[in-house]
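In case you want the letters, here they are:
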Amino acid sequence: MLRDITLGQYYPAESVIHRLDPRVKLLGTLIFLTSLFITKSFYGYIPALLFLIFIIKASKVPFSFMVRGMKAIAFLLVFSVVLNLFLTQGDVVFTWWKLKITKQGIQTAGFMAIRLTFLIIGSSVMTLTTTPNNLTDGLEKGLGFLKIIHVPVHEISMMMSIALRFIPILMEETDKIMKAQMARGADFDSGNMFKRVKALVPLLVPLFVSAFRRANDLAMAMEARCYRGGEGRTKMKPLKYHRRDAIGYLILALYLGVIIALRILLK
Amino acid sequence: MAIIKTDNLTFEYIRRDEEGNVEGITTAVDNVSFEIKRGEFVAILGHNGSGKSTLAKHLNAILFPTEGTVFVDGKDTSEDANLWDVRETVGMVFQNPDNQIIGQVVEEDVGFGPENLGVPTAEIWERMEESLKAVGMYEFRKKSPNRLSGGQKQRVSIAGVLAMHPQCIVLDEPTAMLDPIGRKEVIRAVRALNDVEKITAILITHYMDEIVHADKVIVMDKGKIAMAGTPREIFSQVDKLKSLSLDVPQVTMCAHKLREAGLNIPEGILTNDEFVKALQQCQ
């Protein structure tokens, strides 16, 4: 189940999208997601679809890879579509037993399906083409202006990158503790939901203890290597804008323009 | 001039019960004075709880003495103004390789120290290259640390410290969590740094075979210095080491037993070659 989630995974490939500055990709994702909610008619999704196809083609990430990410949310998708389909009030088109499907219901459900699908695929394009490190760097630099209002941007991005580094280590640790507890007769797989949740306690307590211990060690190691916050720090891999990034911004502006124009024209 | 000098260094832990009341005071390091010269390879020995790790943490200002002083390159570590200079002069490698690697790629981890020092970007890359080459990990620079073996991770940690161009490197039981192959790799890397780059190395360990090549050995017990001297001097006193619950290398032990049995073998045999020679001579 966990392995199926491609959201947040990196797919290494050589493409323009991969090489694009993470700030462009972050802003691009933001604009794309906003555009999905600006549009009020089905025609409005045509530019979004074209844009998405264009980006996916340019990213050289196989389309099947992105669809795999959809599997994890398939349940959520079906659930919200079905709810919208049957529970929206309006002009009835079809009745069967107690269930009614309305014109408005079909419309909302359709919107919902398109929005969710585009949302997931759109954001997975970003994470699939950007290394976690690049992403946190982009966040740090892109949100740097928030420092003026005392948002600890550097610290947040440092925490994110450390968290990402420790995910595999903690996963391995969970596995180890689980096996150790199983060897002592712990049972994680049977019983009802309540019992299973309760069985997790002897797994989570040692995991937390060890995570805190690791955090303590890591903090000490960072201090020993002269870490003293973001002030006066240089970058090994500084972010620099290239020509392709300017073109990227231009395309984004164009896309945003088209979406807004459509919204005004297609009342 | 000595690179590290401690003057009556004492450190006390205050033990507290669950409500936070003081239960008692444990003296982890008790009135310790020593000097380490530039370019030396010093080993600090001691069994668990002898205070050797606590002592190590004083050498780059992670802990500060309760009493006494620690001078690093002539600077008092307990003064705030010296803090970053001290940490830049003395690098530290810890026991658990997983808990000291910050970067998600080997090269980024090595760059972490120089980044903190504010080294210009181009120089960070140069330093990364030279320090990874010095520990023989350059071909792994694009790898994720999670894919490396324990010995390799520890060598990356050493490179990370090396990239900060320290004058002295303190290794706090760097091999305790490694397999024998990993241990050998790490010790070889440390010795190479000491021999070739002339970096002062302080190795804290409880593996006896790792200290045979040290210039000086300090044995800690209950927070105090129990013995100090060259490895040969230390290993000549097998019975005293035993009383401090420390082992001696197998060859030394074997030679010692033969001597006790009446053979004419000198004390303090450290290597197999020496042992073979001594045996040939006594025939």
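Sequence positions are assigned chain by chain, starting from 1 and proceeding in written order. The lettering of chains begins at A and the numbering of ligands begins at 1, in the order of writing. Note on the predicted model: pLDDT of at least 70 is required for a residue's local features to be given, and 80 or more for side-chain atom pairs to be given and counted; whole-chain, interface and lining totals, by contrast, use all residues. Hydrogens and waters are ignored; side-chain quantities use all the structure's heavy atoms.

Caption draft 1: Region of the structure containing the overall build of chain A. Within chain A, the secondary structure is distributed over 11 helices and two strands. Taking 18 Å as the expected radius of gyration for a compact globule of 267 residues, we find that chain A reaches 23 Å, considerably beyond that expectation. When the backbone C-alpha atoms are referred to their principal axes, chain A occupies close to 65 × 60 × 40 Å. Each residue is placed in one exposure class: buried if its accessible area under a 1.4 Å probe, protein chains only, is under 20% of its type's maximum, exposed if it is over 50%, and partly exposed if it falls in between. Here chain A holds 267 residues, and 36% of them are scored as buried. Within chain A, counting contacts between residues at least 6 apart in sequence, those at least 24 apart form 73% of the total. Note on conventions: DSSP H or I runs of at least 4 residues are helices, E runs of at least 2 residues are strands, and numbering of each starts at the N terminus. The size measure is the radius of gyration over C-alpha atoms, and the globule rule it meets is 2.2 Å times the number of residues to the 0.38 power. It only takes one pair of heavy atoms within 4.5 Å for two residues to be counted as in contact.

Caption draft 2: Focus on the interface of chain B and chain A. Between chain B and chain A, the contact holds 37 residues from the first and 29 residues from the second. Its largest share of buried area at the contact with chain A, chain B owes to Trp84(B), Asn99(B) and Gln104(B), together 23% of the area lost on that side. Ionic pairing is found between Asp109(B) and Arg225(A), a salt bridge with its closest N-O pair at 3.5 Å. Each polar contact in these results corresponds to two N or O atoms within 3.5 Å; when the atoms are within protein, one needs to be able to donate a hydrogen and the other to accept it, and residues that are neighboring in sequence are counted only if both atoms are side-chain atoms. Counting every contact that joins chain B to chain A gives 19 residue pairs in polar contact (both at pLDDT 80 or more). Of all the secondary structure elements, the ones that give two or more residues to the side of chain B that touches chain A are helix 2 (83-89), helix 3 (106-117) and helix 4 (121-134) of chain B. Counting residues per element, the side of chain B that touches chain A draws most heavily on helix 3 of chain B, which supplies 11 residues. Split into classes, the residues belonging to the side of chain B that touches chain A amount to 16 nonpolar, 13 polar and eight charged. Reported buried area values correspond to the accessible surface (1.4 Å probe) lost by two parts on association, with both partners' losses combined. Every case where a carboxyl oxygen of Asp or Glu lies within 4 Å of a side-chain nitrogen of Lys or Arg is listed as a salt bridge. Note that Gly is not counted as nonpolar here; it falls among the polar residues with everything else outside the nonpolar set of Ala, Val, Leu, Ile, Met, Phe, Trp, Tyr, Cys and Pro and the charged set of Asp, Glu, Lys and Arg.

Caption draft 3: Here's a closer look at the environment of Asp73(B). All names here are of chain B. With respect to the helices and strands, the residue aspartate 73 is situated in the loop between strand 4 (67-72) and strand 5 (75-76). C-alpha separation for the pair aspartate 73 and serine 157, spaced 84 residues apart in sequence, amounts to 23 Å. Not counting chain neighbours up to four residues away, the residues in contact with aspartate 73 comprise Met1, Ile3, Arg38, Thr89 and Gln167. Polar contacts involving the side chain of aspartate 73 include one to the side chain of arginine 38, which spans 2.7 Å.

Caption draft 4: Focus on unusual backbone geometry. A positive phi angle is found at Lys60(A), which is not glycine, with a value near 60°. Counting through the fold element by element, Lys60(A) comes out in the loop between helix 3 (45-59) and helix 4 (63-71). Despite not being glycine, Lys198(B) has its phi angle at roughly 60°, a positive value. In this fold, Lys198(B) is placed in the loop between helix 6 (180-196) and strand 8 (200-205). Note on Lys198(B): relative accessible area 57%, which makes it exposed.

Caption draft 5: Representation of the pattern of salt bridges in the model. All chains considered together, the criterion is met by 23 salt bridges over all chains. With a closest N to O distance of 3.8 Å, Glu223(A) and Arg87(B) form a salt bridge. In this pair, Glu223(A) is assigned in helix 10 (residues 201-224) and Arg87(B) in helix 2, connecting two distinct chains. Arg87(B) gets classed as buried once you look at its relative accessible area, which sits at 4%. Within this structure, Lys237(A), Glu107(B), Glu108(B) and Lys142(B) form a network of salt bridges that share partners.

Caption draft 6: Looking closely at the sheet that holds strand 9 (residues 216-221) of chain B. All names here are of chain B. Taken in spatial order, the six strands make up an open sheet running 6-7-8-3-9-10, and their pairing is mixed. The open sheet has two edge strands, strand 6 (90-93) and strand 10 (224-229), and neither has a second partner. Each adjacent strand pair in this sheet contributes to an overall mean axis angle of 20°, direction not counted. Pairing between two strands requires that DSSP report at least two bridges joining them. Bridging between strand 3 (residues 41-45) and strand 8 involves five bridges; their strand directions are parallel. Counterpart to leucine 45 in the pairing with strand 8 is threonine 205. Geometry is summarised by axes, namely lines fitted to C-alpha atoms with helices restricted to the contacting stretch, and by angles between N-to-C directions that run from 0 to 180 degrees.

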